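Listed here are the chains, written in short residue letters.
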Amino acid sequence: MDRELLIEIGCEEIPASWLPGLTAQLAAHLDARLAAARLTSDRPAESYSTPRRLTARVAKLAERQADHEELVTGPPVSAAFKPDGAPTPAAEGFAKKYGVEVSALERTNTPKGTYLAYRVRQRGKATVDVLADVMGGLLRDLTFPKQMRWDAYLEDGKGDLVFARPIRWLILLYGGRVVPFVIRRTELAQGPLVQDVRSGPNTYGHRFLTTSGRAGRAIKVKTFDDYESRLLENFVILNRSERESKIRRELETHARKLGGRVSPSTSLRAGPSTSLRAGGVIAEQALLLQEVPDLVEYPSVVAGHFPVEFLRLPEEVLTTTMIHHQHYFPVVDDEGNLKPAFLAVTNTQGEKPEVIARNSERVLTARLRDARFFWDEDRKATLESRIERLSTILFHKKLGSYREKAERVAALAAWIAREAFHKPDAAADAERAGRLSKADLATDMVRELTELQGTMGGIYAREEGQPETVWKAIYHHYLPIGVEAHAPPSRQQLGAAAVTWAAVSLADKLDSVAGMFAAGERPTGSRDPLGLRRQAQGAVKILADLPELTGVTARIELWSLVAQAAKPWDLSAEPQQAARTFIRERVLYLFEQRGFDARNIRAAVPPSLDRVDMVEARKKLEALAQMSGSEALRGVATLFKRVKNITKDVPAQAAVASGALKASLKEPAEMTLLSELESRAPGIRRASERGEYREAFAAIAALQPAVATFFDDVLVMADDEKLRTARLALVATLRDLILDIADISEIVTEA
């Protein structure tokens, strides 16, 4: 008979950002541990969490382990018996190990020969006798961003039990009965209030709320349904989605009472005071809404107000203070204008919510008063006057101060605008924006609200009267963050500053990437100095969407920009190769995230990164996706592997003019291929130059019959040296024509 398994690990409050991952881990590790213990269930484990508990449930778990049968091999038969058939000591020792006679052993054939073997049969244990080991393994399996040692250990010989937070109680119920399990506390930790943590039937409700008795009292449970309902009676909503739904409903209700709503409008209002972060605020509020259900066990919402005079502060300051520092939701009117009100999610349902609101108002008002002071003080000095102070702020010990970085960014941004974008008129503004881009790091506002670096620089530049092309470039230069085509900033937000922003943003990101690799810094699985992955990702995203974002249509080779950024340092061979590999990984990631086939991506993005233009690569991938059903193209791709292998030692310059080839080639198949190349190559190249890659790939696909016949009928490596050279030159001509666009052999390899 199957019975229900219920596990609850009760802890001190676990950080909200850890809970989603831990909840998923709990179910996955429990399923794995049960499978390893041969305990079967017809459905996977369910997992739940609140800030104070991790819960798992298996609705139906078998009462016994599955029986185990294993064929254990012993010595080879050749070594197990003497010539007269009597068993050798090796055979007798193997039989004795399992307590049987040699005659009871089996013979099994293996690739190495025939061996003696014994079939070990083990009857499954009762589930209750196995679950303690499962529980111990489960606790060991869970991993955390940071581990805490809390003077606890398991009696499994593996030392201390580290965990996210100290464990305070433990439920381990199978079929409604407690399975004994204990977490020991060290002698140094033992005391009247610190005892071993033993499994039991008791959970605990909300710390502060109760309908009867005292808050946080022990609640005895037997089944999951009983457990969930009793928790709810004691003001703990176990299901995270239910907590989120409750928060959403109450936010909407309170916002309507305030005459507004929570989410700001995505449309931008006109005027110099426009907040450009409408889309960003929506994303920030969405992230906040994802976080707050993991901060509370029984959420409720209270509304508060702040003095209307603070609306004179930039919206960016107000929303950052509310969202990032207080976890409050700003309220806006139907036009997206901030109202002097906010909504706070609390973990209590007090009889007097106005008291909670008043305390929240007091805290927020104090923060906004500080922000207003910083705003007034910062504007007394210009950004230009703050550049000198950047000399005292270290960027990296091997790369100098932020002043030195700003000077590099300014020079590189001007070069990108003038040389790469072919927009010389934008070079001066790009240089100025780059020079001022880090000046806000020396302001009081950014020291207090670090999330606003760059943003405040743009706002202060606007207040000083800097042109739009300068202040917007500063405002947005840390963006983009995501790789999606719609990731902010948009062309609408950038306006006339699109070109200068792209130049400054690229310069900032590429300077960091090139400089850090020159300094010997490398991103690893657990370490990413200065967020290099994010910075490189932002750079390749800008280049991939450059025409749509800026109107720039010039061909820009990605590595040429990196090489220009690396000029202040001497990138030797090893750092340069490491940088190429790293940036190519970011390019592959961007295209993978946009849904392109991994094989097509490898075809369009060469390992060397040489001659890679992100826009062209994107167009090639779009064309390959449209031609995914072309058997002719796949046929050429398959043959192209052979082309590359045959010509791997033939340099590109060995491809000779068709006139010279005609004098040496005689076979019909080779003449046909030569004729096809002569007629189609100009069109393929013209289509490639225009960016019409579907047309180019279609023309390449049309070569398939001639290429297939050539390899069927012609021996390329002929004995005659002159003939062999001519045929290799013909094949190399085909190779160079195709490789100039993409290495299509990759599209027929495994994904």
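Residues numbered from 1 in each chain as written. Predicted model: local features only at pLDDT ≥ 70, side-chain atom pairs only at ≥ 80, totals over all residues. Heavy atoms only, no water.

1. Things to note about the overall build of the chain
Part 1: Broken down by element type, the chain carries 29 helices and 19 strands.
Part 2: On C-alpha atoms alone, the chain measures out to a radius of gyration of 34 Å, which is more than a quarter above the 27 Å that the 2.2 N^0.38 rule sets for 751 residues.
Part 3: C-alpha extents for the chain along the principal axes are approximately 105 × 100 × 45 Å.
Part 4: Counting only residues that meet the buried cut, the chain has 51% of its 751 residues in that class. (Helix = DSSP H or I, 4+ residues; strand = E, 2+ residues; numbered from the N terminus. Rg over C-alpha atoms; globule rule 2.2 N^0.38 Å. Buried < 20%, exposed > 50% of the residue type's maximum accessible area, 1.4 Å probe, protein only.)

2. Regarding the pattern of salt bridges
Part 1: The full count for this structure, using the stated rule, is 60 salt bridges.
Part 2: Salt-bridge contacts for Arg207 lead to Glu13; the nearest nitrogen and oxygen are separated by 2.9 Å. Remark: Glu13 occurs in the loop between strand E1 (3-11) and helix H1 (19-36) and Arg207 occurs in the loop between strand E13 (202-204) and strand E14 (218-220); sequence separation between them is 194 residues.
Part 3: Under the relative-accessibility criterion, Glu13 is labelled partly exposed at 37%. (Salt bridge = Lys/Arg side-chain N within 4 Å of Asp/Glu carboxyl O.)

3. Some thoughts on the domain arrangement of the chain
Part 1: Looking at the assigned domains, one finds that the chain contains domain 1 (3-64 + 126-233), domain 2 (68-122), domain 3 (240-378), domain 4 (383-594) and domain 5 (629-748).
Part 2: On a C-alpha basis, the centroid separation for the pair domain 3 and domain 4 is 31 Å.
Part 3: Listed as interface residues are 19 residues of domain 3 and, on the opposing side, 20 residues of domain 4.
Part 4: Summed over both sides, the interface between domain 3 and domain 4 buries roughly 1800 Å², with carbon and sulfur atoms accounting for 62% of that surface.
Part 5: In this assembly, domain 3 and domain 4 are joined by two salt bridges.
Part 6: For the pair domain 3 and domain 4, the interface holds six residue pairs in polar contact (both at pLDDT 80 or more). (Domains from an automatic or database assignment. Contact = heavy atoms within 4.5 Å. Buried area = accessible area lost by both parts, 1.4 Å probe. Polar contact = N/O pair within 3.5 Å; in protein donor to acceptor, adjacent residues only side chain to side chain.)

4. Considerations on the nonpolar core
Part 1: Among the nonpolar cores identified, the biggest contains 105 residues, and Ile416, Phe421, Met445, Met456, Ile583, Phe591 and Met614 are the most heavily contacted of them.
Part 2: Among the elements that make up this core, the one with the highest residue count is helix H17 (residues 498-518) (13 residues).
Part 3: Here this core spans two domains, and each of domain 3 (240-378) and domain 4 (383-594) adds at least three residues to it.
Part 4: In this structure Ile416 touches Phe421, Ala503, Leu506, Ala507 and Leu561, once residues within four positions along its chain are discounted. (Core = buried A, V, L, I, M, F, W, Y, C linked by side-chain atoms within 4.5 Å.)

5. Quick notes on the sheet that holds strand E6 (residues 113-122)
Part 1: One open sheet holds the three strands; their spatial order is E4-E6-E5, and the pairing between them is antiparallel. Because the sheet does not close on itself, it has two edges, and the strands there are strand E4 (68-76) and strand E5 (106-110). The mean inter-strand angle of the sheet, taken between neighbouring strand axes irrespective of direction, is 45 degrees.
Part 2: Two elements, E5 and E6, share five bridges in a ladder whose sense is antiparallel. By the bridge assignment for E6, Thr108 is matched with Tyr115.
Part 3: With respect to the sheet, helix H3 (residues 89-97) is in contact with E4 and E6, its orientation differing from that of E4 by roughly 160 degrees. (Pairing = 2+ DSSP bridges. Axes fitted to C-alpha atoms, helices over the stretch in contact; angles between N-to-C directions.)

6. Describing the packing of helix H15 (residues 468-476) against H17
Part 1: Close contact between H15 and H17 brings their axes to 8 Å; oriented N to C, the two are set at 40 degrees. As summarised for this structure, H15 and H17 are arranged oblique, according to the angle between their axes. In terms of crossing hand, the pair formed by H15 and H17 is right-handed. Across from Thr469, Ala473 and His476 in H15, the residues of H17 making contact are Thr500, Trp501 and Val504.
Part 2: Its residues assigned to classes, the contact of H15 with H17 comprises three nonpolar, three polar and no charged. (Parallel < 35°, antiparallel > 145°, perpendicular 65-115°, else oblique. Left-handed = near helix turned anticlockwise from the far one by under 90°. Nonpolar A, V, L, I, M, F, W, Y, C, P; charged D, E, K, R; others polar.)

7. Brief notes about the sheet that holds strand E15 (residues 300-305)
What links the strands of a sheet is backbone hydrogen bonding, and the strands pair in either a parallel or an antiparallel sense.
Part 1: Strand order in the open sheet formed by three strands is E15-E17-E16, with antiparallel pairing between adjacent strands. With partners counted over all chains shown, the strands left at the sheet margins are E15 and strand E16 (328-332), one partner each. On average, each strand axis in the sheet is tilted by 30 degrees relative to the strand beside it, whichever way the strands run.
Part 2: Pairing of E15 with strand E17 (residues 338-346) involves six bridges; the strand directions are antiparallel. Within E17, the position partnered with Val301 by the bridge is Val345.
Part 3: Packing against the sheet, helix H8 (residues 315-326) makes contact with E16 and E17, and its axis sits at approximately 145 degrees to E16.

8. Things to note about H17
Part 1: Taking 1.5 Å per residue as the helical rise, H17 with its 21 residues ought to reach 30 Å, and the 30 Å between its terminal C-alpha atoms agrees with that figure.
Part 2: Most of H17 is tucked away: 20 of the 21 residues are buried.
Part 3: Where H17 terminates, the next one or two residues include Gly520, which has phi positive at roughly 85 degrees. (Expected span 1.5 Å × (residues − 1).)

9. Some points on the packing of aromatic side chains
Part 1: The full count for this structure, using the stated rule, is 15 aromatic pairs.
Part 2: Among the aromatic residues, those joined into a ring-pair cluster are Tyr48, Phe224 and Tyr227.
Part 3: The positively charged end of Lys246 is found above the aromatic ring belonging to Tyr298, 4.9 Å away from the centroid.
Part 4: Sitting over the face of the ring of Tyr589, Arg586 holds its NZ or CZ atom 5.4 Å from the ring centroid. (Phe/Tyr/Trp six-rings, centres within 6.5 Å; stacked < 30°, edge-to-face > 60°. Lys NZ or Arg CZ within 6 Å of the ring centre and 35° of its normal.)

10. Description of the side chain of Arg386
Part 1: When you line up the elements, Arg386 lands in helix H10 (residues 383-386).
Part 2: On the basis of relative accessibility, which here comes to 12%, the residue Arg386 falls in the buried class.
Part 3: Once residues lying within four places of it in the same chain are set aside, the contact partners of Arg386 are Glu377, Asp378, Ala381, Ala439, Ala442 and Thr443.

11. Thoughts on the environment of Val612
Part 1: Secondary-structure assignment places Val612 in the loop between helix H22 (598-604) and helix H23 (614-626).
Part 2: Each C-alpha atom, one on Val612 and one on Pro668, is 37 Å from the other, the two residues being 56 residues apart in sequence.
Part 3: The contact partners of Val612, leaving out residues within four places of it in the chain, are Ile556, Glu557, Leu558 and Pro606.

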